[in-house]
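Topology and contacts: notes
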Amino acid sequence: MEISNLEYNTEREQLIIPEYGRHLQKMINHAVAIEDRNERNRVAKSIIAVMGNLQPHLRDVPEFQHKLWDQLFIISDFKLDVDTPFPVLTKEKLQERPDPLDYPQNFPKYRFYGNNIKRMIDVANSWEDGDLKTALTFTIANHMKKCYLNWNKDTVEDSVIFDHLFELSNGKINLKGSSEDLTDSSNLLRGKKKKHTTNTGKKNYRNRGKKRY
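Below is a short write-up of the structure. (Residues numbered from 1 in each chain as written. Predicted model: local features only at pLDDT ≥ 70, side-chain atom pairs only at ≥ 80, totals over all residues. Heavy atoms only, no water.)

Below, the discussion takes up unusual backbone geometry. Even without being glycine, Asp77 reaches a positive phi, approximately 60 degrees. Accessibility expressed as a relative area gives 35% for Asp77, which makes it partly exposed. Unusually for a residue other than glycine, Asn170 sits at a positive phi of about 60 degrees. Here Asn170 is to be found in the loop between α7 (158–168) and α8 (185–188). (Buried < 20%, exposed > 50% of the residue type's maximum accessible area, 1.4 Å probe, protein only. Helix = DSSP H or I, 4+ residues; strand = E, 2+ residues; numbered from the N terminus.)

Next comes the structure, spelled out in structure tokens:
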């Protein structure tokens, strides 16, 4: 074959979904050109079977079948008119923008506590007074203290945490007059400090006698 007769990919039709290859795209283009609808439907189902064979462990999963039919219409540039067991995917539907996600919009005043603390406080507010609610409120207060120490500094008075908890609970949880203390700051920061320790005080015998270059 002469070099002048070589066909380069840059001169060929651009692949819409390259992972299926050029032969499959040619098969779909052939199906689009078939005038008889029954024959076109038969060829389309054969093409779906070929596409499914590329991933045999998924070809019988209904959701995967739906995906294959959608890809079939995409590769045909939405020109293929066949009967499908799923809603026909149109170009307008494919380009349709999804609905925006609902993000938390409460914007807490004390961001270092996070949204989960506000949710825990709301749960505590919904409980009836008793030992369980008291235990939960002090658990929340201790976690708030830990969050405060991780974000701000190495020490904080319990009264500050109690004030914040009172404010975030809209005045429904009041520990200001409590005689029980929260966990000591040093205990809450113990795990944090371990992460920053080094092995400078340990002797290293592994490299003794080895030359360094």
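Next comes the rest of the account.
Two side chains carrying opposite charge are able to pair once their charged atoms lie near each other. One pass over the full model with this rule turns up 9 salt bridges. We note a salt bridge from Arg37 to Asp83, for which the minimum N-O separation is 2.7 Å. Here Asp83 lies in the loop between α3 (62–75) and α4 (91–94) and Arg37 lies in helix α2 (residues 37–53), a separation of 46 residues in the sequence. We classify Arg37 as partly exposed; its relative accessible area is 31%. Taking the relative accessible area as the measure of exposure, Asp83 reaches 44% and is therefore partly exposed. Between Asp129 and Lys133 there is a salt bridge whose closest N-O contact spans 3.2 Å. In this structure Asp129 comes out as exposed when scored by relative accessible area, which is 72%. Each of Arg37, Asp81 and Asp83 takes part in salt bridges that share partners, so that together they form one network. (Salt bridge = Lys/Arg side-chain N within 4 Å of Asp/Glu carboxyl O.)

What follows is about the side chain of Thr137. Along the chain, Thr137 falls in helix α6 (residues 131–151). Only 2.6 Å separates the side chain of Thr137 from the backbone oxygen of Thr134, close enough to count as a polar contact. Setting aside its immediate chain neighbours within four residues, Thr137 contacts Ala124, Leu165, Ile173 and Leu175. (Polar contact = N/O pair within 3.5 Å; in protein donor to acceptor, adjacent residues only side chain to side chain. Contact = heavy atoms within 4.5 Å.)

Now for the nonpolar core. Nonpolar side chains in soluble globular proteins tend to end up buried together. In terms of nonpolar packing, the biggest core is built from 24 residues, with Tyr113, Ile140, Met144, Ile161 and Leu165 touching the most fellow members. When residues of this core are traced back to their parent elements, those giving at least two are α5 (115–126), α6 and α7. Examining the composition of this core, we find that 8 residues originate from one element, α6, more than from any other. Beyond its immediate chain neighbours, meaning those up to four positions away, Leu165 contacts Ile121, Thr137, Ile140, Ala141, Met144, Ile173 and Leu175. (Core = buried A, V, L, I, M, F, W, Y, C linked by side-chain atoms within 4.5 Å.)

Right, let's get into the packing of aromatic side chains. Scanning the entire structure with this criterion turns up 4 aromatic pairs. Measuring from centroid to centroid gives 6.1 Å for Tyr110 and Phe112, while their planes differ by 55 degrees, and the two rings are tilted. Phe112 matches Tyr110 in its accessibility class, with the two residues each being buried. Ring geometry for Phe112 and Tyr148: centres 5.4 Å apart, planes at 85 degrees, overall edge-to-face. Linking Phe112 in the loop between α4 and α5 with Tyr148 in helix α6, this pair joins segments that are 36 residues apart in sequence. Just as Phe112 is buried, Tyr148 falls in that class too. Three or more aromatic residues joined by ring pairs make a cluster, and in this case those are Tyr110, Phe112, Tyr113 and Tyr148. Sitting above the plane of the Phe166 ring, Lys176 keeps its charged end 4.2 Å from the centroid. (Phe/Tyr/Trp six-rings, centres within 6.5 Å; stacked < 30°, edge-to-face > 60°. Lys NZ or Arg CZ within 6 Å of the ring centre and 35° of its normal.)

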